[in-house]
Amino acid sequence: MISLPLFSLLTDVTVLAQHGPTDVPITALTLDSREAGPGVAFCALRGTATDGHKFIAGAVEKGLAAVICEVLPATRNPATAYVVVKDSAEALAHMAAAFHGHPSRQLQLIGITGTNGKTTCATLLHKLLRELGYHAGLLSTVQNQIDEEVIPSTHTTPDAIRLNALLARMVAAGCTHACMEVSSHAVAQHRVTGLRFVGGVFTNLTHDHLDYHGTFDNYLKAKKGFFDALPKTAFALTNADDKRGPVMLQNTAARRETYSLRAAGTFRARLIANEVHGLHLEIEGREILFRLIGVFNAYNLLAVYGAAVLLGEDPTEVLTILSGLTTAPGRFEPVVSARQLVTGIVDYAHTPDALENVLQTLHEIRQPSQQIITVVGCGGNRDAAKRPIMANLAARLSNRVILTSDNPRFEDPNAILAQMQAGVTAPDSAKVLTVADRREAIKQAVQLAGADDIVLVAGKGHENYQEINGVKAPFNDKLILIEIFAALGK
Ligand SMILES: CC(=O)N[C@H]1[C@@H](OP(=O)(O)OP(=O)(O)OC[C@H]2O[C@@H](n3ccc(=O)[nH]c3=O)[C@H](O)[C@@H]2O)O[C@H](CO)[C@@H](O)[C@@H]1O[C@H](C)C(=O)N[C@@H](C)C(=O)N[C@H](CCC(=O)O)C(=O)O
Ligand SMILES: Nc1ncnc2c1ncn2[C@@H]1O[C@H](COP(=O)(O)OP(=O)(O)OP(=O)(O)O)[C@@H](O)[C@H]1O
Ligand SMILES: N[C@H](CCC[C@H](N)C(=O)O)C(=O)O
Ligand SMILES: [Mg+2]
């Protein structure tokens, strides 16, 4: 069990005031008063729904060792240490890193940020490092991994306590490298503050999460914040073809590197062909076939190639391994029916840009006779502005569309669907059906599909649940597609 004196956790924290004992032993950190108890240091965070400061008194009653807060409570327990800081989330991140012995400093830690492609790039880089022979960890939306051991993930980027605990487990298991996704929420909430990265990668920035960040500019600032905090020993690798790619490098101390399919850059690729069985690319003079499909994946592959070369790996060996890798679960994943009459594609496209890319890719690789039937929904309690845009795109780029539910959470599924329908233009409306029940929607799409047609089921990818009113019921697009193909004899 870890037990460290409070003062040793505060080395990197700017303390405004301190009351009570300073050398109390801390055996656990928490950001949730419900986990309070003897030996625990509770950080009171201001959240989106409530304020952790409200729970300080209740937590202290449970025998808390220390409280980290922005506002000192008027009544205090003399046996408890109170540490006043400017920003509790920032303080918590530094304390969590110190509590776990700064595991990021013992790893080659690479962070990947951007609207789309983080999971794909982090997963590919992890697979690549494993095939190069390293012990390596992964923190991603789909799952966390220590080498091949899978640890379920709850967030794209876990909170600072869980994050540092996971990195420490990686170090203990002998990992030399770790790849992680850095979400904009994580940057805004200081989940990654205090970590030492050897490299940062930016994929792209398009519409998402405006409900949380308020404006696109704030969303951009959150992503850029990650690059701004990179040390000068790190590399900062950005997508030169993305409108916001160069902005990411503006204020970073890190070594500035770029990748591009269209312009000059440290790492350059040329698209030779984008076909149903994969991508044919020329990377730095070498022509290679890859198993991933879609031009967007050419960017992901190039980003991963660049990161690996910047880590000092041999370019030829990296390309050889990359050419054999398959995509992350639920990312443009083909599901072919037993009798091969219909092709299903399960994809995690849950933003307008991702959906457009995936549909565009299907247009590029399909035979002219193949129809595209799209099943798509938009998440509840998430950015509502993307709903009409996604429905509009789906209708414009598909032969038929079934609008359905995707984790309605605490919203009325029919209200979400009405907002989606509002984006469909009158000429496209005849192509669009609305079926709130997702299983029924997938079934109707498969029924509509003729021989050889393509059914795209978008939005949930690897997810194995449908979240309705706070309850996650088992639901997996891929398994349901397989079941429906069998039931309908396709
Ligand atoms: C919007 C958001 O990011 N919310 C995260 C945030 O919760 P919150 O701000 O709502 O917290 P709150 O309920 O207001 O409570 C404030 C504080 O009081 C504490 N509290 C609360 C009640 C109590 O009795 N006692 C107590 O101490 C809470 O523990 C919290 O520290 O802090 C929590 C603890 O770290 C997170 O679990 C929670 O993630 C929620 C579940 C979530 O859905 N987050 C999503 C949006 C998210 O983070 N997504 C990103 C990116 C997705 C992507 O594009 O890939 C991710 O990285 O996963
Ligand atoms: N480089 C890319 N550019 C645009 N779209 C992409 C790119 N890579 C993947 N996509 C699309 O975005 C979807 C999500 O990809 P991925 O899971 O890799 O992104 P992510 O950034 O991890 O998403 P999240 O923020 O939800 O964790 C994919 O299913 C695909 O449709
Ligand atoms: N990381 C994203 C995932 C969205 C996936 C989609 N299926 C949804 O539920 O909206 C989020 O939490 O906003
Ligand atoms: Mg992800």
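Reading guide: rules and limits
Residues numbered from 1 in each chain as written. Chains lettered and ligands numbered in written order. Predicted model: local features only at pLDDT ≥ 70, side-chain atom pairs only at ≥ 80, totals over all residues. Heavy atoms only, no water. UniProt positions renumbered as here; feature names shortened; annotations may be inferred. Helix = DSSP H or I, 4+ residues; strand = E, 2+ residues; numbered from the N terminus. Rg over C-alpha atoms; globule rule 2.2 N^0.38 Å. Buried < 20%, exposed > 50% of the residue type's maximum accessible area, 1.4 Å probe, protein only. Contact = heavy atoms within 4.5 Å. Lys, Arg positive; Asp, Glu negative; His and termini not counted. Charge placed at Lys NZ, Arg CZ, Asp CG, Glu CD. Phe/Tyr/Trp six-rings, centres within 6.5 Å; stacked < 30°, edge-to-face > 60°. Donors = N, O, S within 2.8 Å, 3.2 Å for Na, K, Ca; no water. Pairing = 2+ DSSP bridges. Axes fitted to C-alpha atoms, helices over the stretch in contact; angles between N-to-C directions. Near = heavy atom within 4 Å. Polar contact = N/O pair within 3.5 Å; in protein donor to acceptor, adjacent residues only side chain to side chain. Areas by Shrake-Rupley, 256 points an atom, 1.4 Å probe, with all protein chains shown as cover. Nonpolar A, V, L, I, M, F, W, Y, C, P; charged D, E, K, R; others polar. Salt bridge = Lys/Arg side-chain N within 4 Å of Asp/Glu carboxyl O. Core = buried A, V, L, I, M, F, W, Y, C linked by side-chain atoms within 4.5 Å.

The protein chain goes by UDP-N-acetylmuramoyl-L-alanyl-D-glutamate--2,6-diaminopimelate ligase in an unreviewed UniProt entry, where it is assigned to Hymenobacter glacialis. Checking UniProt for the protein chain, the heading Catalytic activity (unreviewed entry) contains the comment "UDP-N-acetyl-alpha-D-muramoyl-L-alanyl-D-glutamate + meso-2,6-diaminopimelate + ATP = UDP-N-acetyl-alpha-D-muramoyl-L-alanyl-gamma-D-glutamyl-meso-2,6-diaminopimelate + ADP + phosphate + H(+)". Quoted straight from UniProt, the Cofactor (unreviewed entry) entry for the protein chain says "Mg(2+)".

## Quick notes on the overall build of the protein chain
Along the backbone of the protein chain there are 16 helices and 26 strands. Expected size for 490 residues packed as a compact globule is a radius of gyration near 23 Å; at 24 Å, the protein chain falls within 12% of this value. Over its C-alpha atoms, taken along the principal directions, the protein chain stretches across nearly 75 × 50 × 40 Å. Out of the 490 residues belonging to the protein chain, those deemed buried represent 57%. For the protein chain, contacts bridging at least 24 residues in sequence account for 65% of all contacts bridging at least 6. Taking the average location of the 44 positive side-chain charges in the protein chain and that of its 47 negative ones, the two points are 2 Å from each other.

## Some details on the packing of aromatic side chains
Inspection of the entire model under this criterion finds five aromatic pairs. For the pair Phe197 and Phe226, a centre-to-centre distance of 4.9 Å together with 80 degrees between the ring planes defines the contact as edge-to-face. A residue pair is termed long-range when its members are at least 10 positions apart, and Phe197 in the loop between helix H6 (184–188) and strand S13 (199–202) and Phe226 in helix H8 (residues 216–228) qualify at 29 residues. On the basis of an interplanar angle of 90 degrees and a centroid distance of 5.7 Å, the ring pair of Phe226 and Phe227 is categorised as edge-to-face. Classification of Phe227 as buried rests on a relative accessible area of 0%. An aromatic cluster is defined as three or more aromatic residues linked by ring pairs; in this entry it consists of Phe197, Phe226 and Phe227.

## Details of the coordination of the magnesium ion (ligand 4)
Taken together, the protein donors to the magnesium ion (ligand 4) comprise Thr119 (OG1), Thr141 (OG1) and Glu181 (OE), at separations of 2.1 to 2.2 Å. Exposure remark for Thr141: the relative accessible area of 16% places this residue in the buried category.

## Observations concerning the sheet that holds strand S8 (residues 108–113)
With respect to topology, eleven strands assemble into an open sheet ordered S11-S10-S9-S12-S8-S13-S14-S15-S16-S17-S18, the strand pairing being mixed. At either end of the open sheet lies a strand with only one pairing partner, and these are strand S11 (149–152) and strand S18 (286–290). Here the strands of the sheet are splayed against their neighbours by 20 degrees on average, with no regard to which way each runs. Summarising the sheet, strand S17 (residues 278–283) and S18 pair through five bridges and their orientation is antiparallel. Along S18, the bridge assignment pairs Leu279 with Phe290.

## A few points about the pairing of S8
Most of S8 is tucked away: five of the six residues are buried. Relative to strand S12 (residues 177–181), S8 runs parallel, the two being bridged by five bridges. Note on S12: the bridge partner recorded for Gln108 is His177. Pairing geometry for S8 and S13, over four bridges, is parallel. In the sheet register, Thr113 faces S13, and the bridge partner there is Phe202.

## Quick look at the site of ligand 2
Surrounding ligand 2, one finds 21 residues, the nearest of these being Lys118, Thr119, Thr120, Arg331 and Asp347. Separating an oxygen atom of ligand 2 from a side-chain N or O atom of Asn116 is a distance of 3.5 Å. A distance of 2.8 Å separates an oxygen atom of ligand 2 from a polar atom in the side chain of Thr141. Coverage of ligand 2 by the protein chains reaches 96% of its 630 Å² of free accessible surface. For the shell around ligand 2, the elements supplying multiple residues, two or more each, are helix H4 (118–131), helix H10 (295–310) and helix H12 (352–365). Looking at which element gives the most residues to the shell around ligand 2, the answer is H12, with four residues. Tallied by class, residues from the shell around ligand 2 come to five nonpolar, eleven polar and five charged.

## A look at the pattern of salt bridges
Inspection of every chain in the model, using the stated rule, returns 21 salt bridges. With a shortest N-O distance of 4.0 Å, Asp12 and Arg105 are connected by a salt bridge. In this pair, Asp12 sits in the loop between helix H1 (6–9) and strand S2 (15–19) while Arg105 sits in the loop between helix H3 (88–99) and S8, placing the two residues 93 residues apart along the sequence. The class for Asp12 is partly exposed, based on a relative accessible area of 38%.

## Considerations on the nonpolar core
In this structure, Leu128, Phe290 and Leu322 are the most contacted members of the largest nonpolar core, which totals 42 residues. Looking at this core, the element that brings in the most residues is H10, giving ten residues. Non-local contacts of Leu128, meaning those with residues more than four positions away in its chain, are made with Val304, Ala308, Val318, Ile321, Leu322 and Leu325. Formed by 30 residues, the second largest nonpolar core is a distinct cluster that contains Ile151, Met180, Phe202 and Tyr219.

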